[in-house]
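Structure assessment
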Amino acid sequence: MTPPPLETAPDKKVPDTATAVTARSGSTFYWPMRLLPASKRAAMFAIYAFCRRIDDIADEPGEPAAKRVALDVWRRDIRDLYIGGAPNGPLTAALKGAIERYGLPRAELEALIDGMAMDVAGEESGSDGMRAPDLDALRLYCRRVAGAVGMLAIRVFDRADPATERFALALGEALQLTNILRDLAEDAELGRLYLPRELLAAAGIDGSDPNAVLTHPALPEACAALADLAEVRFAEAQAAIAGQARGSLWAATAMMVLYHRLLKRLRAAGWRDLTARVRVGRRESAWVAVRCMLGIPPAA
């Protein structure tokens with residue numbers, strides 16, 4: 001099956017710009033990105049839109065082989081941007097601008113594709129894939145799909161030093177683990193279960209069938225254990241930039257505050273009703289972003 005044009009969203013006939021993709025996403029990240037200076041905002045919107053595009057490839061219905069081909073096309077397009085190739089649409093043009101202005105590492109953009117390929121690989125092989133992966137596999141997945149975003153973002157924020165890289169990787173994992181705990185039911189519909197097998201076993205849950213695990217009475221125990229790991233990574237991220245949350249890292253600080261609030265709300269809900277959406281609203285996201293931009297971040 002031929003993959004859809006990369007600059008066009010599924011079921012649409014008109015191209016999407018990076019700004020349009022980001023604006024309609026409803027992401028918690030929207031306001032921290034929206035309030036950045038224009039050039040940094042454009043770069044972060046391009047990174048986010050790229051993530052959405054390749055995530056859609058992995059998540060939309062279709063044959064795994066076709067998804068792999070579509071991801072490989074993106075690999076080619078990213079490679080071409082780094083060897084002087086011309087963009088093939090508004091999103092790749094936005095990415096090229098971000099790459100050239102902020103020196104974005106090609107390896108991190110390719111790592112994002114590798115992360116999405118981990119989701120597709122299980123479908124293609126018929127194996128469990130991302131069903132109850134072990135902790136090492138889960139951490140690799142988080143490094144690719146979230147840590148890579150952090151490593152790109154700190155370059156946009158002009159802070160690519162060792163301490164900030166530690167911050168980016170710790171925060172990326174914390175955010176992804178929080179996403180996993182929020183999206184259990186949604187992921188199960190795709191046949192995925194990201195809760196690690198070690199934590200499931202410790203809670204007395206056998207097997208990797210998403211529906212069976214999500215209806216097991218010990219599910220809240222396994223989720224709480226993963227939330228504990230996320231808390232550790234939030235604490236590590238905070239420690240890595242102790243006293244440096246102002247200035248160029250304010251947007252990342254806002255993301256940390258918002259997602260830490262989300263994790264606390266998930267804990268309070270206790271994973272008892274997975275159909276109830278736990279989230280941070282846009283108004284709250286905007287308020288937190290403004291506070292962080294002014295150098296007075298609120299409590300998580």
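First things first, this report covers the structure right here in the doc. It should be emphasised that the depicted structure is a prediction, and the values quoted were computed from it without experimental measurement. (Residues numbered from 1 in each chain as written. Predicted model: local features only at pLDDT ≥ 70, side-chain atom pairs only at ≥ 80, totals over all residues. Heavy atoms only, no water.)

Side note on the overall build of the protein chain
The helix and strand tally for the protein chain stands at 14 helices and 0 strands. Helices (α) and strands (β) of the protein chain occur, in sequence order from the N terminus, as α-α-α-α-α-α-α-α-α-α-α-α-α-α. In the protein chain, of all internal contacts separated by at least 6 residues, the share reaching a separation of at least 24 is 72%. (Helix = DSSP H or I, 4+ residues; strand = E, 2+ residues; numbered from the N terminus. Contact = heavy atoms within 4.5 Å.)

Here's the deal with the environment of Tyr 141
Its location among the elements puts Tyr 141 in helix 7 (residues 135-156). A relative accessible area of 4% places Tyr 141 in the buried class. The spacing of Tyr 141 and Ala 117 is 24 residues in sequence and 9.8 Å in space, taken between C-alpha atoms. Those residues in contact with Tyr 141 that sit more than four places away from it in its chain are Gly 115, Met 118, Asp 119, Met 130, Gln 176 and Tyr 194. (Buried < 20%, exposed > 50% of the residue type's maximum accessible area, 1.4 Å probe, protein only.)

Considering the packing of helix 12 (residues 219-240) against helix 13 (residues 250-269)
In the contact formed by helix 12 and helix 13, the axes pass within 11 Å of each other and the chain directions differ by 160°. If you check the angle between helix 12 and helix 13, you find them roughly antiparallel. In this structure, helix 12 meets helix 13 at a crossing whose hand is left-handed. Contacts from Ala 224, Ala 227, Asp 228, Ala 230, Glu 231, Phe 234, Ala 237 and Gln 238 of helix 12 reach helix 13 at Met 256, Tyr 259, His 260, Leu 263 and Arg 267. (Axes fitted to C-alpha atoms, helices over the stretch in contact; angles between N-to-C directions. Parallel < 35°, antiparallel > 145°, perpendicular 65-115°, else oblique. Left-handed = near helix turned anticlockwise from the far one by under 90°.)

Structural notes on unusual backbone geometry
Of note in the backbone geometry, Ala 132 takes a positive phi value of approximately 50° without being a glycine. Here Ala 132 is to be found in the loop between helix 6 (106-125) and helix 7. Although it is not a glycine, Trp 271 adopts a positive phi angle of roughly 55°. By relative accessible area, which is 8% here, Trp 271 ends up buried.

Concerning the packing of aromatic side chains
Each aromatic ring pair is described using two quantities: the centre-to-centre distance and the angle formed by the ring planes. Within the structure shown, the criterion is met by 2 aromatic pairs. Ring centres of Phe 50 and Trp 74 lie 5.3 Å apart, and the angle between their planes is 70°; on these two criteria the pair is classed as edge-to-face. Pair noted here: Phe 50 is in helix 3 (residues 38-59) and Trp 74 is in helix 4 (residues 64-82), with a separation of 24 residues, a long-range link. Given the relative accessible area of 0%, Phe 50 is considered buried. Between Tyr 141 and Tyr 194, the ring centres sit 5.2 Å apart and the planes meet at 25°, which makes this aromatic pair stacked. (Phe/Tyr/Trp six-rings, centres within 6.5 Å; stacked < 30°, edge-to-face > 60°.)

Examining the nonpolar core
Formed by 95 residues in total, the largest nonpolar core has its most connected members in Phe 50, Trp 74, Phe 157, Leu 181 and Leu 195. If sequence neighbours within four positions are ignored, Leu 181 has contacts with Leu 195, Cys 223, Leu 226, Ala 227, Leu 263, Leu 266 and Trp 271. (Core = buried A, V, L, I, M, F, W, Y, C linked by side-chain atoms within 4.5 Å.)

Description of helix 8 (residues 162-182)
At 3.6 residues per turn, the α-helix brings residues three or four places apart onto the same side. An ideal rise of 1.5 Å per residue puts 30 Å on 21 residues; helix 8 measures up with 30 Å between its terminal C-alpha atoms. Here helix 8 lies mainly inside the structure; 16 of its 21 residues are buried. (Expected span 1.5 Å × (residues − 1).)

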